[in-house]
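Here's the letter readout for the chains.
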Amino acid sequence: MFGFHYRLERKTIGLVLGIIGVASIGGFVEIAPLFTIHQTVEDAPDMRVYTPLELAGRNIYIREGCYACHSQMIRTLRDEVERYGPYSLAVESKYDHPMLWGSKRTGPDLARLGEKYSDDWHVAHLINPRAVVPESVMPAYAFLARTELRTDDLSKHLKAQRDVGVPYTDDMIANAAADAYGQAAPDSPAADGVTKRYGKATTVRAFDGKPNDLTEMDALVAYLQILGRLTDAAHKPVATAEKKP
Amino acid sequence: MIAELTKNERQGALIILLALAITGLAMAAGGRGDPFGVHGALVLVVAIAGIFAVIGGYYAPEPSPDRLDSYYDSPTKFGIIAAMVWAVIGMAVGDWVAWLLAYPEWTFDAAWASFGRLRPVHTSGVIFGFGGNALIATSFYVMQRTSRARLPDQLTPWFVLFGYNLFCVIAATGYLMGVTQSKEYAEPEWYADIWLVIVWVTYFVLYLRTLNRRKEPHIYVSNWYYLAFILVVAMLHIVNNLAVPISWGSAKSYSLFSGVQDAMTEWWYGHNAVAFFLTSGFLGMLYYYMPKRAGRPIYSYRMSIISFWGITFFYMWAGSHHLHYTALPQWVQSLGMTFSVMLLVPSWVSAGNALMTLNGAWHKVRDDAVLRFMMVAAVFYGLSTFEGSFMAIRPVNSLSHYTDWTVGHVHAGALGWVAMITFGAIYASVPWLWKRNGMYSAKLVEAHFWLALSGTIIYVFAMWNSGIIQGLMWRTYNESGTLAYSFVDSLVAMHPYYIARAVGGVFFLLGAVIGFYNIWMTIRTAAQDEAAHTTADRPVIEPAVGAPALQPGE
């Protein structure tokens, strides 16, 4: 073995190929099957896609680095299930490009945050976290409430999402900007289009309390309120959720 | 610097810079109203400044052919200074955000100043800015010496270094503007990623070209590690960053993978960034600078082989230990745990090989703070690899994951191992490179050593305490069978440890600032008699010399 190596280390290409070969095996064995084995991701026929407003909110969540302190992955441990809710299933993040499972809980897990608190609470908390949770160390995001949401490129966002595998329809892509506006303006004509395209259960509300302005606050709160609510799969008995078709 | 380039190389530099300027202009025009356009403008300005610099030196006399009889060290000098600049920036930002976790009001009402945007400036600043520049700079130095070959040309190393630093600047300024993919330690967006691939492939080809010119039959062990670092980082970077941009004029892209597959790919990347960026590369550094400084050959050739291939093979399986008890299939978690535990063997073989190398030179460790930096690095390498294997065991991970324990573990490795070996290597190289008899002040090196060591220990102990307390509080039940503590209770309990951690960070930062000053003063002091230094340090085979001190002992 060492004699072989004594010769190998005289050949640059031998070393290069050896490193590539040896280093490829682990990733190949662990990652490739995840795309092909059916049980990796459960079936959830009721799963819906993010609305344009929720997707915009998700992008704000990414932009501000929220994932650095908040996980979105409840582990299969008793205390986590009791603290945060049913443990997370793979299917719940199947439309998440990229996933936001996180790696650190400086703040609590957010996988099942949706509809746990009111919109008002979220707005007050984001403007100044210490106004509602005095011990909090979260940064204040007051600027979100005074920043208008950019919607002109939302169609491109949905299009790119479809390119990577999220089933957005042509109708959804064409109306992305109008739907973003409509979801935060319940009394406007645009609101009907949102429920038509994304389902009756879609939350249509003036998330930041001001139906006339579409702000980044609207988008982020809309996203926080949908967390854990794209499908009910995790709330069903395990046997049903994991049954094959 | 321009004077060191040949006429052809000056023309080549102009062509590259012109192409870069056109790219920048196109980005700026296509990305108006988007951070993409700002980065286009940045690229344009950098390229134009470069063009002026090349034109300014264009008619300088060509370098003499004598240059081919010596090693080409100007890029290494630049890389070392860049590494120290990034160290100060990255550590300062890191300490600021550490204070923000104790006192969240210590910031401005501005998006760029919030924790979430500053944190990646810290992580990328220290890993890629400080660590990456140090790796590239030392690899140029080491591959020339251990191959007895000068770099094949003068332009490519500058392209690699400037290109790499441009990537770092785009990354850091992007985070402040909110440009991020959210993939931890792979935050830069698609255009920065493409640029890094170009730079990295050039770096790899440069490495091969230099090795192919070598006058030593054997490729020294440091080069195996640097090669693995370059190759595997390229693999990881390309696969993990596959994404579809929303348009050619926007910074935003969407990852090709989603959910569980994305999580596995990300942590396959994330853990092997630790393995091949923060371990392999720095082991390459250790294998050259420690035996040189100690004046002892590497203890065991066979241990070097076992640990090199063991690390290269086992590490690639370990990433899934970041996803224990998650929605990742259990068989992948089990594989990750198993290989993480086995990984302890090659890791400790490396650490043991390094420490045994010091046998017969322990009096030097006592007297020489530079060698002591390297010794402490090897000790922390052994400690943090043990801790890593331990934390990868599923039940241990159920407690440690999501807590500050992970942060403490990372910093035991990053401060105790990576930064210490880098400071040791830099303090050793600076007098060699600038032809001085020693550092400007040995006392300041000593002060840096003790500041760095005490800062690391304060940091790591604070995070062990806070992490374990946090993990225990989250899972404690009271007598009636319900959870005893709210999340906020655990947060309040962290406060004193967050202050202690930030204080430890101040110590470490202060050490780096002193180091920077000391290096600066060493460069500024008058040059010594150059002839005394240059006779032996040349790519010319002198029969009397050989290179037994550098060859692995058998």
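Residues numbered from 1 in each chain as written. Chains lettered and ligands numbered in written order. Predicted model: local features only at pLDDT ≥ 70, side-chain atom pairs only at ≥ 80, totals over all residues. Heavy atoms only, no water.

Enquirer: Mind showing me how you'd approach the pattern of salt bridges here?
Expert: Close approach of charged atoms allows side chains with opposite charge to pair. Following the criterion strictly, the structure yields 32 salt bridges over all chains and no others. Here Arg105(A) ties to Asp109(A) by a salt bridge, and the two come within 3.3 Å at their closest N and O atoms. Overall, the relative accessible area of 1% leaves Arg105(A) in the buried class. Asp109(A) sits in the buried class, given a relative accessible area of 6%. Here Glu446(B) makes a salt bridge to Arg372(B), at a shortest N to O gap of 2.6 Å. Of this pair, Glu446(B) sits in helix α16 (residues 442–475) while Arg372(B) sits in helix α13 (residues 369–391), and the two are 74 residues apart along the sequence. For Glu446(B), a relative accessible area of 25% translates into the label partly exposed. Take Arg372(B): its relative accessible area is 9%, and that puts it in the buried class. Beyond isolated ion pairs, a larger network of salt bridges with shared partners links Arg63(A), Glu64(A), Glu216(A) and Arg117(B). (Salt bridge = Lys/Arg side-chain N within 4 Å of Asp/Glu carboxyl O. Buried < 20%, exposed > 50% of the residue type's maximum accessible area, 1.4 Å probe, protein only. Helix = DSSP H or I, 4+ residues; strand = E, 2+ residues; numbered from the N terminus.)

Enquirer: Even after reading the chapter, I still don't get the confidence of the model for chain B, so can you show me in this structure?
Expert: The predicted structure's coordinates, where accompanied by low pLDDT, should not be read in detail. Residue and element names in this part refer to chain B. Residue-level pLDDT values for chain B average 94, and 96% of them are 70 or greater. For the stretch residues 543–554, pLDDT sits under 50, and the model shows 19 contacts to residues farther than four places along the chain or on other chains. Under the prediction, the complex receives an ipTM of 0.94, its pTM being 0.95. (pLDDT = per-residue confidence, 0-100. Contact = heavy atoms within 4.5 Å.)

Enquirer: For this particular structure, what's the right way to read the packing of aromatic side chains?
Expert: We describe a pair of aromatic rings using the distance from one ring centre to the other and the angle between the two ring planes. All names here are of chain B. This model, assessed by the stated rule, comprises 57 aromatic pairs over all chains. Each ring, one from tryptophan 96 and one from phenylalanine 108, has its centre 6.3 Å from the other, and the planes form 75 degrees; the classification is edge-to-face. A residue pair is termed long-range when its members are at least 10 positions apart, and tryptophan 96 in helix α3 (residues 74–102) and phenylalanine 108 in the loop between α3 and α4 (115–147) qualify at 12 residues. The class of tryptophan 96 is partly exposed, set by a relative accessible area of 25%. The class of phenylalanine 108 is exposed, set by a relative accessible area of 51%. Every member of this aromatic cluster is reached through a ring pair, and the members are Phe128, Phe140, Tyr164, Phe167, Trp200, Tyr203, Tyr207, Tyr226, Phe229 and Phe277. (Phe/Tyr/Trp six-rings, centres within 6.5 Å; stacked < 30°, edge-to-face > 60°.)

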